[in-house]
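Fold and geometry: a report
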Amino acid sequence: MKKKIVILGAGISGLAAAYFLHKENYDITVLEKKSEVGGSMESAWESGFLFDRGPNSGLETTPLIRILVEDLGLQDQLMYASKEGNKRYILRGNKLHPLPMNPPAFIKTKLFSAKAKLRLFAEPLMGKSNDGYYESIAEFVTRRLGKEFLDYAINPFVAGVYAGNPEELSVKSAFPKLYALEEEYGGLIVGTIKSIKKRKQRAEKSKQDAQMFSFKDGMQALPKAIANNLGGKIITSAEVKSIYKNGECYSVVFYKDGIEQRIDCDIILSTIPAYAASNLFKNFDEELSKHLSKIYYPPVLALFLGYKKSDIRQPLDGFGFLIPSKEKKSFLGAIWSSVIFPNRATGDEAAFTLFVGGSRNPEIENTDKEVLIKKVIDEFQQLMKINSKPSFEAHKFWQKAIPQYNIGYIEHENYFDKFEEKFSGIILGGNYRGGISVGDCIKNSKTLVNKIKNLCR
Ligand SMILES: Cc1cc2nc3c(=O)[nH]c(=O)nc-3n(C[C@H](O)[C@H](O)[C@H](O)COP(=O)(O)OP(=O)(O)OC[C@H]3O[C@@H](n4cnc5c(N)ncnc54)[C@H](O)[C@@H]3O)c2cc1C
């Protein structure tokens, strides 16, 4: 008898796992609350602009991405970032400074003071952390590289990746590879050199080396293609309301078109966000529910702006820019979307995606969005030397955007392992376990698939 598997959530975590299981003929059903698949991956065309409301791109950090693209026949749709996309700017003193990418550029840059540059020589001499799970990325970087690196490299970087606060994110939980350089090799500089050699022997690429990709119709093209492949195995507009043990099986209760329905199954793979899973598992395991409810998802507003290229005096030759907290602006940074993927706007226009809020400014949740957006546009136009109004404007407010792997996150992770042992047949996945990036979610889908295969043996 084939085991029946129900997957909760049709974001990339749930869909990638569903895809690999379906390929091997496992009996799956995916339940998704929204009318469309993709979760955070939402793409839309409007007035000649293509904008992504969630991830704007992914990094090809795992060969699984290529496998999915080729299996699904998406090769014609796949786009790699333009060469200009490698150049990133950081704001300092109201000026955009290119992030130095090699030693000569580092020596010349005005982004860091001479004192901060000299401080790097001391990095190999710094001692190791006692426990990276309880050290923040801010403490880690200050200890190893000095305060200026925290303020003008890591602080904006953390805003760009997690929309997070470096004082709160755990270095080992949120940046395990960075932490491993210290743990395994004793330091970041020595570790980087040695790990490059090691990585060359493996198929996996580091985030710095991996190519940035998207699709002609935006990031949502990938989940949509997986959903087409799965056909009738996905039920959308189906909100899962409860789960309970039913003899040897589990029952999953959901609402579809206002009507309560139930599926009995042997295995449940939950990939819905932690806060949603917290409600769902409340009557099932109170301790799990508590752990899940403590995972913080700050609000983020994604703002899309289009301008005539001729109205922009800042040269458009990069990925965009990030803003350190010290610079005291109302937004976190801007992606120059049509520089990276030129089809994001028609020929004489340029498209931008700005991010506002995050753990740095969670108060945006209760701020008048119109007033906030106006302020952000004013600041953006000053920095980009634009004198006209945007020719296109749209936004999406994510009330709960990205899970923060904060200090002590390991306690949640340990409990998730314990829970899976206690309730054999229930597996917890999604971006609050094993990484938040699209690449990490796809990579982790294999771990989820392997856990399910073990249960089916
Ligand atoms: C604004 C923003 C920008 C980002 N930028 C990038 C980027 O540039 N690059 C990058 O790599 N990553 C980026 N990320 C992160 C990345 O997009 C996400 O971590 C990833 O897409 C999460 O996928 P997931 O499947 O784990 O979760 P989700 O995408 O959240 O999917 C979970 C699904 O579960 C469904 N669901 C919830 N409750 C229920 C229920 N009760 N019943 C049924 N279904 C339910 C939801 O509707 C959703 O579809 C960004 C995220 C955001 C929000």
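As the structure is a computational prediction, the values presented were derived from the model and not from experiment.

Glancing now at the overall build of the protein. Broken down by element type, the protein carries 16 helices and 20 strands. Relative to its length of 457 residues, the protein is compact, with a C-alpha radius of gyration of 22 Å against a globular reference of 23 Å. Judged by the C-alpha coordinates and their principal axes, the protein covers about 70 × 55 × 45 Å. Sequence separation of at least 24 residues holds for 71% of the intrachain contacts in the protein that already meet a minimum separation of 6.

With that settled, the discussion passes to the site of the ligand. Taken together, 37 residues surround the ligand, and among them Gly9, Gly11, Ser13, Gly39 and Pro55 come closest. Listing elements by their share of the shell around the ligand, those giving two or more residues are α1 (12-23), β11 (238-246), β15 (300-308) and α16 (438-456). Within the shell around the ligand, the residues separate by chemical class into 18 nonpolar, 15 polar and 4 charged. Looking at which domains feed residues into the shell around the ligand, each of domain 1 (4-37 + 62-70 + 221-296 + 405-456) and domain 3 (298-398) gives three or more.

Taking 1.5 Å as the rise per residue, α16 with 19 residues should run 27 Å; its terminal C-alpha atoms sit 27 Å apart, in good agreement. Among all positions of α16, only Val438, Gly439, Asp440, Cys441, Ile442, Asn444, Ser445, Leu448, Val449 and Ile452 are buried. Buried positions along α16 lie against β1 (4-8), α1, β5 (58-59), α2 (63-71), β14 (267-270) and β20 (426-428).

When you line up the elements, Leu120 lands in the loop between α4 (114-119) and α5 (137-145). With 24 residues separating them in the primary sequence, Leu120 and Arg144 have C-alpha atoms 8.2 Å apart.

With that settled, the discussion passes to the sheet that holds β14. The strand order across the open sheet built from 5 strands is β10-β2-β1-β14-β20, with neighbouring strands paired in parallel fashion. The open sheet is flanked by β10 (234-235) and β20, the only strands paired with a single partner. Summarising the sheet, β1 and strand β2 (residues 27-31) pair through 5 bridges and their orientation is parallel. Directly across from Ile7, in β2, lies its bridge partner Val30.

Reading across from one edge, β11-β12-β13 is the order of the 3 strands in this open sheet, with antiparallel pairing throughout. Because the sheet does not close on itself, it has two edges, and the strands there are β11 and β13 (259-265). Taken over all neighbouring pairs, the strand axes of this sheet differ in orientation by 25° on average, direction set aside. Summarising the sheet, β11 and strand β12 (residues 249-256) pair through 8 bridges and their orientation is antiparallel. Of the residues in β12, the one forming a bridge with Asn246 is Cys249.

Unusually for a residue other than glycine, Asn25 sits at a positive phi of about 70°. With 8 C-beta atoms counted inside 10 Å, the residue Asn25 sits in the exposed group.

As a further point, take the packing of α1 against helix α10 (residues 221-230). Contact geometry of α1 with α10 gives a least axis separation of 10 Å together with a crossing angle of 35°. Viewed along their axes, α1 and α10 form a crossing whose handedness is left-handed. Each of Ile12, Leu15, Ala18, Tyr19 and His22 in α1 lies in contact with α10, whose residues at this interface are Leu222, Pro223, Ile226, Ala227, Asn229 and Leu230. In terms of residue class, the contact of α1 with α10 is made up of 9 nonpolar, 2 polar and no charged.

Counting residues in each nonpolar core, the largest one holds 129 residues, and the members touching the most others are Ile137, Ile268, Leu269, Leu354 and Val356. Look past the residues within four positions of Ile268 in its chain and what remains in contact with it is Val6, Leu8, Ile243, Tyr250, Val252, Gly425 and Ile426.

Attention now goes to the domain arrangement of the protein. Segmentation of the protein into domains returns domain 1 (4-37 + 62-70 + 221-296 + 405-456), domain 2 (112-200) and domain 3 (298-398). Computed from C-alpha coordinates alone, the two centres of domain 1 and domain 3 are separated by 33 Å.

Glancing now at the pairing of strand β8 (residues 95-98). In regular strands, side chains alternate between the two faces of the sheet. Of the strand pairs in this sheet, strand β7 (residues 88-92) and β8 are connected by 4 bridges, and their pairing is antiparallel. Looking across to β8, one finds that Arg92 is bridged to Lys95. Counted along the chain from β7 to the antiparallel partner β8, the turn is 2 residues long, and its residue Gly93 has a positive phi close to 60°.

Here is what the cut-offs are and how they apply
Residues numbered from 1 in each chain as written. Predicted model: local features only at pLDDT ≥ 70, side-chain atom pairs only at ≥ 80, totals over all residues. Helix = DSSP H or I, 4+ residues; strand = E, 2+ residues; numbered from the N terminus. Rg over C-alpha atoms; globule rule 2.2 N^0.38 Å. Contact = placed C-beta atoms within 7 Å. Near = placed C-beta within 6 Å. Nonpolar A, V, L, I, M, F, W, Y, C, P; charged D, E, K, R; others polar. Domains from an automatic or database assignment. Expected span 1.5 Å × (residues − 1). Buried ≥ 20, exposed ≤ 12 C-beta atoms within 10 Å, placed from the backbone. Pairing = 2+ DSSP bridges. Axes fitted to C-alpha atoms, helices over the stretch in contact; angles between N-to-C directions. Left-handed = near helix turned anticlockwise from the far one by under 90°. Core = buried A, V, L, I, M, F, W, Y, C linked by C-beta atoms within 7 Å.

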